[in-house]
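# A closer look at the structure
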Amino acid sequence: MAKKKAIVAAAKEAALEAVKEIPFVGSLIEGVRAYHESIDEEQRQLFVDAMASRLDRLEQNSDWYKSSDGQEFVKKVVATGLNAEYADKIDYLANALTNGPSLGQQQAKRLKYVEMIRHLSKASLEVLATCVAHPTGTGQVMPGSIAKTLGWNPSFVDACVRELFASGAFSSVVDWFEHGEMAPRQRFNEGTTATTQVTREFAAFVSRGGE
């Protein structure tokens, strides 16, 4: 298997070198490589700077970060933070890393929230923060009200709300009975978007202040 992978890699490299001989293509490929390298370095620096600005809180929980759960969590967040795909969410990831210890023994929830940051757009995370900062009396999410607060197009905000709903950040079930059958205690009609404990907890997880 290892020999086969080495042969495939060598073939790809040989093909790349052949393509680079075509006029203009070689300089284009090297330009793209240089661009990615500069972006990678810039992102690493941004992530380091984000960590440095939160150093006090990180040091307060240094023992937890050394634990097995802490190490697993740190590796997942840092790997995400250094991925160019998530460059626009570095601050949210830095906040998550800082707030990780606040969830105690709930490692599954910590890792789930990192996955949610990965899959949600930055715009949706901004909508989430605005929704939690300006709650409605019933808990139902009102895209028009959020749009007015943000100064965004209501249709765009609605798209973000639907994205958050699909991720589990919003739900039609607002509260649950915690004993017996674990049945819903308070809910809206199916498909109605509302805030839940997860909404508030996740919003705190990705915020600078945390809980």
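Scroll up to find the structure this text is about.
The paragraphs below set out a description of the structure included in this document. Computed from a predicted structure; not experimentally measured.

A few words now on the environment of Asn99. Counting through the fold element by element, Asn99 comes out in helix H6 (residues 90-99). At 3.1 Å, the side chain of Asn99 forms a polar contact with the backbone oxygen of Ala204.

With that settled, consider the layout of surface pockets. With a probe scaled to a water molecule rolled over the atoms, the places where space remains empty come into view. By volume, the second largest pocket is sized at about 160 Å³. Together, 15 residues line the second largest pocket, and Cys131, Val132, His134, Pro135 and Thr136 are the ones closest to its centre. If you list the elements that add at least two residues to the lining of the second largest pocket, you get helix H8 (122-133) and helix H9 (143-150).

Take the packing of helix H5 (residues 68-81) against helix H7 (residues 107-119) next. With their axes 11 Å apart at the nearest point, H5 and H7 run at an angle of 0° to one another. Comparing their axes, H7 and H5 come out roughly parallel. The segment H5 lies against H7, with Asp69, Glu72, Phe73, Lys76, Val77 and Thr80 engaging Gln107, Arg110, Leu111, Val114, Glu115 and Arg118. A class-by-class count of the residues in the contact of H5 with H7 yields four nonpolar, two polar and six charged.

Okay, the packing of aromatic side chains next. Under the criterion given, the structure shown has six aromatic pairs. Judged by centre distance (5.3 Å) and plane angle (75°), the ring pair of Trp64 and Tyr65 falls under edge-to-face. On the accessibility criterion, Trp64 (17% relative accessible area) is buried.

Parameters and conventions
Residues numbered from 1 in each chain as written. Predicted model: local features only at pLDDT ≥ 70, side-chain atom pairs only at ≥ 80, totals over all residues. Heavy atoms only, no water. Helix = DSSP H or I, 4+ residues; strand = E, 2+ residues; numbered from the N terminus. Polar contact = N/O pair within 3.5 Å; in protein donor to acceptor, adjacent residues only side chain to side chain. 1 Å grid on protein atoms, 1.4 Å probe; cavity = no way out; pocket = protein on both sides within 12 Å on 5 of 7 lines; lining within 4 Å. Points joined across faces, edges and corners; volume = space filled by probe spheres on them. Axes fitted to C-alpha atoms, helices over the stretch in contact; angles between N-to-C directions. Parallel < 35°, antiparallel > 145°, perpendicular 65-115°, else oblique. Contact = heavy atoms within 4.5 Å. Nonpolar A, V, L, I, M, F, W, Y, C, P; charged D, E, K, R; others polar. Phe/Tyr/Trp six-rings, centres within 6.5 Å; stacked < 30°, edge-to-face > 60°. Buried < 20%, exposed > 50% of the residue type's maximum accessible area, 1.4 Å probe, protein only.

Distances and angles like these do not, on their own, reveal function.
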